[in-house]
Amino acid sequence: MNLTLSNVTTPALALAAILAAGCSSDDSNDTTPPTPDPANVTAGVTSLGLTTLATLLTDSGLDTVLEGTGPFTLFAPTDAAFTAMDPTYLAFLQDPTNVAVLEDTLRYHLLDGDVTSTAAAALSSTTANNGDDLNIESIDGSLYLNNARVANADETVGNGRKIGRASCRERV
């Protein structure tokens, strides 16, 4: 599994063009694009092509946590990683009656604090937001969390939060 390392940190950075939505009034000659909601982490995650994660963040309520006071670092599974999951387990996580399990699972991909890929590479383990341990290895320039390779690191979304994308390829 490959992960994306995202650091959810400070005030808004520029996803403005990507996240801008809405239309101007017909009465106005103003061509200034509307200002996006800088705290919309879900839209930022979606803009990176992580649509399943974005949906699950919303379903679990963690989208509001990530849009609040941070910083946080998110190891974001790619859509390919979710596709590689047992479909029965993914359906279980998506069932609204299992929201507590979904939240715990997603919090396992979340760290408190701004942890860059460089900082993570210097660690051998850390504690996830749900209290479980994560093993970290840096091998030949690649970062692995519990054998899942971080494919893209230190991407910034929403209110300055960084994301690291994880793919479904495991270390061999």
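Residues numbered from 1 in each chain as written. Predicted model: local features only at pLDDT ≥ 70, side-chain atom pairs only at ≥ 80, totals over all residues. Heavy atoms only, no water.

A. Just the overall build of the protein, in detail. In terms of regular secondary structure, the protein is built from 8 helices and 8 strands. Counting across all 172 residues of the protein, residues that qualify as buried make up 40%. Pairs at least 24 residues apart make up 70% of the contacts formed inside the protein by residues separated by at least 6 positions. Carbon and sulfur atoms make up 52% of the accessible area of the protein, which totals about 8,700 Å². (Helix = DSSP H or I, 4+ residues; strand = E, 2+ residues; numbered from the N terminus. Buried < 20%, exposed > 50% of the residue type's maximum accessible area, 1.4 Å probe, protein only. Contact = heavy atoms within 4.5 Å. Areas by Shrake-Rupley, 256 points an atom, 1.4 Å probe, with all protein chains shown as cover.)

B. Representation of the packing of helix 3 (residues 51–60) against helix 7 (residues 99–107) within the structure. Two numbers describe how helix 3 lies on helix 7: the axes approach to 9 Å, and their chain directions differ by 125 degrees. By the criterion of interaxial angle, the relationship of helix 3 to helix 7 is oblique. Note on packing geometry: the crossing formed by helix 3 with helix 7 is left-handed. Counted together, Leu 53, Leu 56, Leu 57, Asp 59 and Ser 60 of helix 3 and Val 99, Leu 102, Glu 103 and Leu 106 of helix 7 form the full contact between these two elements. By residue class, the composition of the contact of helix 3 with helix 7 is 6 nonpolar, 1 polar and 2 charged. (Axes fitted to C-alpha atoms, helices over the stretch in contact; angles between N-to-C directions. Parallel < 35°, antiparallel > 145°, perpendicular 65-115°, else oblique. Left-handed = near helix turned anticlockwise from the far one by under 90°. Nonpolar A, V, L, I, M, F, W, Y, C, P; charged D, E, K, R; others polar.)

C. Quick peek at the confidence of the model for the protein. Looking at the protein as a whole, its pLDDT mean stands at 73, while 68% of the residues score no less than 70. No element of the protein has a lower mean pLDDT than helix 1 (residues 16–19), which averages 20, and none a higher one than helix 7, which averages 96. Low pLDDT, under 50, characterises residues 1–38; the predicted model gives this stretch 120 contacts beyond four residues in sequence or across chains. Within the model, the stretch residues 167–172 combines pLDDT values under 50 with 23 contacts to residues more than four positions away or in other chains. (pLDDT = per-residue confidence, 0-100.)

D. Region of the structure containing the packing of helix 6 (residues 87–94) against helix 7. Here helix 6 crosses helix 7 at 110 degrees, and the two axes come no closer than 7 Å. As judged from the angle between their axes, helix 6 and helix 7 are roughly perpendicular. Packed against helix 6, whose contacting residues are Tyr 89, Phe 92 and Leu 93, the element helix 7 presents Val 101, Leu 102 and Thr 105 at the interface. Among the residues forming the contact of helix 6 with helix 7, the class breakdown is 5 nonpolar, 1 polar and no charged.

E. Main features of unusual backbone geometry. Positive phi, close to 50 degrees, is recorded for Asp 140, a residue that is not glycine. On the basis of relative accessible area, Asp 140 is assigned to the exposed category, the value being 80%. One non-glycine residue, Asn 146, lies in the positive phi region at around 50 degrees. Tracing the sequence through the fold places Asn 146 in the loop between strand 6 (142–145) and strand 7 (148–157).

F. Quick peek at the pairing of strand 2 (residues 72–77). Most of strand 2 sits inside the fold, with 6 of its 6 residues counted as buried. Both faces of strand 2 are covered, namely the face carrying Phe 72, Leu 74 and Ala 76 and the face carrying Thr 73, Phe 75 and Pro 77. Relative to strand 3 (residues 110–112), strand 2 runs antiparallel, the two sharing 2 bridges. Note that in strand 3 the partner of Phe 72 across the bridge is Asp 112. (Pairing = 2+ DSSP bridges.)

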